[in-house]
Amino acid sequence: MSAFDLIALGIGAVIGTGIFILPGTVAATKAGPGIIISFIVAAIVCSTAAMCYAEFASALPVAGSAYSYGNLVFGEIIGWILGWALILEYVLAVAAVSSAWGAYFQSFLAGFHIGFPKAISGPFMPSQGTYGNLIAIIIVILISWMLNQGMRSSVRLNNIIVVVKIGIILLFIVVGLFYIKPSNWHPFLPFGWHSHQGGVLGGAAAVFFAYLGFDAVSSSAAEVKNPKKNMPIGIIGTLIVATILYVGVSIVLTGMVSYTKLNVSDPVAFALQFVHLNWVAGIISLGALAGMFTMMVTMIYSSSRLIYSIGRDGLLPKFLGKLDKKGSPRNSMITITIIIAFMGGFVPLEQLTNLVNIGTLIAFLFVSFGIIPLRRNKEIQNHHGYQVPWYPVLPIVSGFLCMLMLSQLQAETWIASGIWFAFGLVLYFSYGIRHSQLGQNS
């Protein structure tokens, strides 16, 4: 793959739900129009972590991303914790996107005056009259079925959808510019820089979810021409393009509609309907559906491979590490599909995105600090590969920035993830440590 293919791959994964949903909901609940700055802050934190990922990908071009890196640099238990954090990140990311996909699909149907029963159109919240999101469950099952048929989403198809997706986002920015009312940007920082509701920093921790997926670029290191040059271009290029698009959408969205009205599940389509541009809203909904679809395909594919590699190492039950006759990990795919469909169908979107962020930030934290033992490891040679500049200052700064973002997450997010990691440690000490292939080999 060339640097262009890498950037297209990265944008395919990164620009999904983030751009069509988070600028609205986070502006309404945490940052106001200051969401524009939140996206820039999140991008800076991501870019430092991204350089650390690029060095790992260059030194260790293996599958499994942070799980494999952690195993090799810190040992099995940290590797397991990172694998467990990545499962949280991937599974909940797809669940969150499937739930958002359901909301956009309904607004698309509404354009044709096709209604959908409220009871099966949202998370399990009997007080709101919703008992499960049927569309979210169906789309997850459909994608898994497609992947099980051996459908490889090719680089070319991905590139075409990425170009279409960027075209649709630019259409929103250009059309929306004519409907901006500067009065909507006052006050610009209604929640301040840092407040109990979030502020700009809390907003940055929340929109972190929007940059997920650039680590998918790092795990493709083995198939890249001249990785020393192209990996950093691919990773940093993805972040620059994504940041420009996110900031553009945030400026236009908060300029068209007061941030107080944007706490809806499809804010970009809502803003266009608000100014009576229903035809553009229809196109945007189609673009959002296509964008989220490619992101779910990538994430379901990655998460099934991650669970397969942990099962193959013996840390999860053996049947998850088995391949079928076609050579694909069907058991891990079926298991992951059931979990994602349940989460996407019944858990509210905000809880999902917050938990994804904590999983991601923990992985970033260890990858950042992991550069130091990686450089000291005499067995891993990376003389001709990419190396993080300003070592050891930049990896340490990256680690501390991740800690700053973690400190901005809400208490209930910490409690829920604490339960998840406690369960993971119980699983490791009761099952993984006894069945580990690595332990037996050593």
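My aim in this report is to walk through the structure given alongside it, one point at a time.

Parameters and conventions
Numbering of residues begins from 1 in every chain and follows the order in which that chain's sequence is written. Given that the model is predicted, a residue must reach a pLDDT of at least 70 before its local features are reported, and side-chain atom pairs must reach 80 or more before they are shown or counted; all residues, however, enter totals for whole chains, interfaces and linings. To get the side-chain values, all heavy atoms of the structure are used, and hydrogens and water are removed first. Here, strands pair whenever DSSP counts at least two bridges between them. Elements are defined by DSSP. Helices are runs of H or I of four residues or more, strands are runs of E of two residues or more, and each kind is numbered from the N terminus. The span expected for a helix works out to 1.5 Å for each residue beyond the first. To get the bend at any residue, fit one axis to the seven residues that end at it and another to the seven that begin at it, then take the angle between the two axes. Relative accessibility thresholds used throughout: buried, under 20% of the residue-type maximum; exposed, over 50%; partly exposed, between the two (1.4 Å probe, protein chains only). Pairs of residues are marked as contacts when any of their non-hydrogen atoms sit within 4.5 Å. Nonpolar side chains (Val, Leu, Ile, Met, Phe, Trp, Tyr) are joined into patches within 5 Å and like charges within 9 Å, using only residues with over 30% relative accessible area and no salt bridge. Surface exposure here means Shrake-Rupley accessible area, sampled with a 1.4 Å probe, where a residue is shielded only by the protein chains that are shown. Here a salt bridge means any side-chain nitrogen of Lys or Arg lying within 4 Å of a carboxyl oxygen belonging to Asp or Glu. We call Phe, Tyr and Trp rings a pair once their centres come within 6.5 Å, taking the six-membered ring for Trp, and we label the pair stacked below 30 degrees between planes, edge-to-face above 60, and tilted otherwise.

**Concerning the pairing of strand S1 (residues 121-125)**
Side-chain direction in a regular strand flips from residue to residue, so the side chains alternate between the two faces of the sheet. As paired strands, S1 and strand S2 (residues 130-133) are joined by 3 bridges and run antiparallel to one another. For Ser121, the partnering residue across the bridge sits in S2 and is Asn133. The hairpin formed by S1 and S2 contains 4 residues between the paired strands, and Gly129 there has a positive phi angle of roughly 85°.

**Here's the deal with helix H14 (residues 349-376)**
Residue pairs three or four apart in sequence face the same way in an α-helix, which turns once every 3.6 residues. Helix length check: H14 (28 residues) gives 42 Å between terminal C-alpha atoms against 40 Å at 1.5 Å per residue, within 8%. Of all the bends in H14, the greatest reaches close to 35° and is centred on Gly370; the proline Pro373 follows between one and four positions later. Counting buried residues in H14 gives 20 out of 28 residues, a clear majority hidden from the surface.

**Focus on the environment of Leu272**
Mapped onto the elements of the fold, Leu272 is located in helix H11 (residues 267-274). Linking Leu272 and Gly202, residues 70 residues apart in sequence, is a C-alpha distance of 27 Å. Residues contacting Leu272, with those up to four places away along its chain left out, are Phe172, Met256, Leu277, Asn278, Val280, Ala281 and Ile284.

**Describing a nonpolar patch on the surface**
A cluster of nonpolar residues, Ile77, Leu425, Phe429 and Ile433, forms a patch on the protein surface that exposes about 320 Å² of accessible area. Sort the elements by how many residues they give to the nonpolar patch and helix H16 (residues 411-435) lands first, with 3 residues. Summarising the element assignment, Ile77 is placed in helix H5 (residues 76-110). Since its relative accessible area comes to 31%, Ile77 is described here as partly exposed.

**As for the packing of aromatic side chains**
This structure, assessed with the given rule, holds 20 aromatic pairs. Summarising the aromatic geometry, the rings of Phe39 and Tyr211 are spaced 6.4 Å apart at their centres and angled 70° between planes, so their arrangement reads as edge-to-face. Taken together, the residues Phe39 in helix H3 (residues 35-59) and Tyr211 in the loop between helix H8 (199-207) and helix H9 (214-218) connect sequence positions 172 residues apart. Given the relative accessible area of 0%, Phe39 is considered buried. Between Phe270 and Phe274, the aromatic rings sit 6.1 Å apart at their centres with planes inclined by 40°, giving tilted as the arrangement. Taken together, the positions of Phe270 and Phe274, both in helix H11 and 4 residues apart, correspond to about one turn of that helix. On the accessibility criterion, Phe274 (37% relative accessible area) is partly exposed. By the ring-pair criterion, three or more aromatic residues cluster together here, those being Trp80, Trp84, Trp420, Phe423, Tyr428 and Phe429.

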